[in-house]
Each structure stands twice: as C-alpha cells, then as structure tokens.
Amino acid sequence: MKKVLMFTLISYVSTHTMVQTIRLKINGTETDLPWSDFVSNIESTDTAVKLYEYFDTAFILQCSTLLFLMQAGFILMETGSLSTKRRVNALILKNLGDTILCAFFYFLIGYGLSYGEGEKFGGKSGFIGVGEPLCGDAGSCKSKEYSLMFFRFLKTATSVTILSGIVAERVHLWVYYLLVTFSSTFSLPLLARWTNHPSGWAYPYQLGGNIFNLKTGVLDFAGVGEINVAGALPALILLPLIGPRWQRFQGEWRDMRLPAQNDYFKTLGTTIMWMSWYGLVFGGVTTLRGNGGAVVAKIAVNTTVSAVAASIVAIACGLYYEKKMCPSDASNGILSGLVGITGACATVETEWALFIGMVSGLIYFSLTKVFLNCCVSTFQRREFCSMWDSLPM
C-alpha cells in the first residue's frame, strides 16, 4: 500500500532547549511534530524511498567507475616493476585477460554464489542475472541491485589482479588464466557469501547466530579480506615453489634492484590506485541515507591519513637502513597504508588510522627483505598488511 502524506507548513518553532518543532496541517488537521518525527514521515513516503534509491544507484555507479581505474594503476605499477621490457606484452595480456575472464564467470556463476537466495555456504539463484536478488516477478528488477552487482564484480576483478603482480615473470599465461577463472567463479564469491551476505555463516550481524553458534562474525568492511587476503592467498603456496626472479637477491638479506624498472610508471600507477581506492572504500557504504554521508567523509580522512603515515614510515626506514630515499618505498608505503586501513576505515577514529598506517609501513619495509620475491611487493602489502588490518576490527 502506498503511503501518501499531504501537509502544509504553518510554522517552525525552535525553543531554547534545542527541541525543534514543526506545525503542520496534515490532511486538514493541524498538529505539532518534533523535527525528527517529521523527517521520518517524509523519508518513509514512496517518493522519498525512490529518490534515495536513485541517489544510491548513482553513487554506487560513480564509485564503481572510480574503482575500474585501478586496473590501469595495476598495469602501470607492474610495467614499471618488470626487470625486462620484453615481458610487458605478457603482463598486459594478463591484466586485460583477468578482467575479461572475471566479468564473464562472475556474472555467469560467481554473483549467484555470493548474493543469491540460499543457505549459509552459497546462493542458489541469481545465476546469469536471473532471479533474486536482481529480479523477482516480471517488472520488479532493481536498479540499485544491478549497480551493486557491477561494484562487486569490480571488487572481485581487483582481487584476482593481485596475483598478476605477485607471480610476474615466473608463471605461464595459461596457468594464470586458470587460477583467475577458479578464483572469480568459486573461491572469491564463496568467501564473499560467508562474510558479506546476511545469511553467510561468518557474517558479523547474524540473525540467529552462525554455524558455530558463537553470535559473532567477521567484520569485513569494503571486502578487505575478500580482496586482499584471499586474492594473495594462492601466492602463499606458489611463491615458495617458483622462487624469486633471477638475480633478484644479492647477498644475504639484501635485495638487488633489477634493471629496466621505471619509477615514473610505478609512481603514476600508485597515484591512480590511490585515487581509485576511494571508490572501493566509499562504495562499501552502499547508501547515503541517514548518516551515510558523514561515514563517507570519515572514511576519506582515515584512508588518507593512513596512506601518508605508512609512506612516511617506509621512507624513514629506507633512509635509516639503506642511506637513501627510494621512490619505490614512498609508493609501496602509500599502498600499504591503504591496505592496512581499508577494513577499519569506517569504524576507527583518526588517531588510530594514523597508528594503523605507521605499522603498515613498518610491516611493508620489514618484509621486503624476505626471499619470497614479489615483483611489485604486492604480497607483502596485500597479505600481511591486510592481516594486520583485521586485528583492529
């Protein structure tokens, strides 16, 4: 049943006790309403609900477009980190190919497993865009849900691209495509189901408890666990097997800077990824209704503070231990701070964001000396900084 509210504003009263009252003529009857009740009545009308849905849809699509730019940042960052220029073509094929494969298999199967109607371990509808939650009966398709589907696909594409930088120059293209297909179809969607869907067994706001009846869950704002931990997890198995790149390390616990690395590309890629990161964390809010706008503003401040704090710590560590200031430390420090704050950016205060960023920069620099070589230090940032990120949550 539609809710219709016909009113005429008669007067607005603000007392010295800060209790704001509004006098209305509602359907011919004069009445005084507290301002909060008036706003609640307005927001509950069909017109207001539809307006909020339109605003939220546009907001999510803007965040998604910003997040899509991260693919360009990945390409530039990895291109600037390769030791030989002849491998650039393979890297571009990897980054374009994983986005194409992820889009195809996520829309085909992955989205249904993540957000379709079903049980704690996986969805049973929404495959190929058919059925709930995208469309119910004929004519009931939801614009906001389609925008969320697009945003969630881009989060999954971001996650699978992480592996590209970790195993660069050491894994065949077709092996990489197989890993991407499996991740975008099964492993990442299932993890998203468990932690981000209300019926998932690890969802933090359980209705009736979770699988262990612990009345708790995993707080995974913006999908930091899904994107960072799970995206880099295959590398935890692969890196010890494939070893470091040829001539990557020289002497005990000393990393050698390989030739043909381009700091201009790496810095530009970092800047694009930093800008795109705001699309990732802003999109995690999903709605501007209520205090959504205030949450987005807080996220912007916390994310920025953590990124710059981590970069300063990484630069300072480089100056102290290596007696030089390296652009790579500045770039990787920024990205480490972004990873470190993502899961907690909406819940912690700014001083804690500063602390999280400083520790993230220290974690990055400490792990660059480990012989599990990653082309762009993605493994150190994504896996270990995101593990540190999980502790404040």
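Structure report, in brief. Predicted, not measured: the structure shown is a model, and the values here were computed from it.

What counts and what doesn't
Residues numbered from 1 in each chain as written. Predicted model: local features only at pLDDT ≥ 70, side-chain atom pairs only at ≥ 80, totals over all residues. Heavy atoms only, no water. Core = buried A, V, L, I, M, F, W, Y, C linked by side-chain atoms within 4.5 Å. Buried < 20%, exposed > 50% of the residue type's maximum accessible area, 1.4 Å probe, protein only. Helix = DSSP H or I, 4+ residues; strand = E, 2+ residues; numbered from the N terminus. Polar contact = N/O pair within 3.5 Å; in protein donor to acceptor, adjacent residues only side chain to side chain. Contact = heavy atoms within 4.5 Å. Phe/Tyr/Trp six-rings, centres within 6.5 Å; stacked < 30°, edge-to-face > 60°. Lys NZ or Arg CZ within 6 Å of the ring centre and 35° of its normal. Patch = residues over 30% accessible without salt bridge, like charges linked within 9 Å, V, L, I, M, F, W, Y side chains within 5 Å. Areas by Shrake-Rupley, 256 points an atom, 1.4 Å probe, with all protein chains shown as cover. Salt bridge = Lys/Arg side-chain N within 4 Å of Asp/Glu carboxyl O. Axes fitted to C-alpha atoms, helices over the stretch in contact; angles between N-to-C directions. Parallel < 35°, antiparallel > 145°, perpendicular 65-115°, else oblique. Left-handed = near helix turned anticlockwise from the far one by under 90°. Nonpolar A, V, L, I, M, F, W, Y, C, P; charged D, E, K, R; others polar.

## Quick notes on the nonpolar core
Core analysis: the largest hydrophobic core is formed by 56 residues, its most contacted members being F153, I166, W277, F282 and I299. The greatest single-element share of this core, amounting to 10 residues, is contributed by helix α5 (residues 143-166). Listed in part, the 5 residues of the second largest apolar core include V313, A314, C317 and F365.

## Details of the side chain of S276
By the secondary structure assignment, S276 is in helix α8 (residues 263-283). A relative accessible area of 0% places S276 in the buried class. Here M70 takes part through its backbone nitrogen, which lies 3.2 Å from a polar atom of the side chain of S276. In terms of polar contacts, S276 uses its side chain to reach the backbone carbonyl oxygen of I272, at 2.9 Å. Residue contacts for S276: discarding those within four places in its chain leaves L66, L67, L69 and M70.

## As for the packing of aromatic side chains
Applying the stated rule across the entire model yields 14 aromatic pairs. Aromatic pair F121 and W194: ring centres 6.5 Å apart, planes at 80 degrees, arrangement edge-to-face. On the criterion of sequence distance, the pair formed by F121 in the loop between β4 (118-119) and β5 (122-123) and W194 in helix α6 (residues 173-196) is long-range, its members being 73 residues apart. Ring geometry for W174 and Y177: centres 5.6 Å apart, planes at 85 degrees, overall edge-to-face. Of this pair, W174 and Y177 are both found in helix α6, 3 residues apart, which corresponds to roughly one turn of the helix. The class for W174 is exposed, based on a relative accessible area of 58%. Taking the relative accessible area as the measure of exposure, Y177 reaches 14% and is therefore buried. Between R152 and the ring centre of Y115, over which it is positioned, the NZ or CZ distance is 3.7 Å. Its guanidinium or amino end placed over the ring of Y320, K323 lies 5.5 Å from that ring's centre, counting from NZ or CZ.

## Here's the deal with a nonpolar patch on the surface
Taken together, the side chains of L233, L236, I237 and L241 present a nonpolar region at the surface, about 420 Å² in accessible area. The class of L241 is exposed, set by a relative accessible area of 68%.

## Side note on the packing of helix α10 (residues 327-342) against helix α11 (residues 350-367)
Contact geometry of α10 with α11 gives a least axis separation of 8 Å together with a crossing angle of 130 degrees. By the angle class used here, α10 and α11 are oblique. Both α10 and α11 take part in a crossing whose hand is right-handed. Across the interface between the two elements, S328, D329, N332, G333, S336, G337, G340 and I341 from α10 touch A353, I356, S360, Y364 and F365 from α11. The residue inventory of the contact of α10 with α11, partitioned by class, reads 5 nonpolar, 7 polar and 1 charged.

## Notes on the side chain of T161
Turning to its location among the elements, T161 is positioned in helix α5. Other than its neighbours up to four places away in sequence, T161 contacts Q71, F74, E78, N95, D98 and Y176.

Remember that the coordinates give geometry; whether it matters functionally is a separate question.
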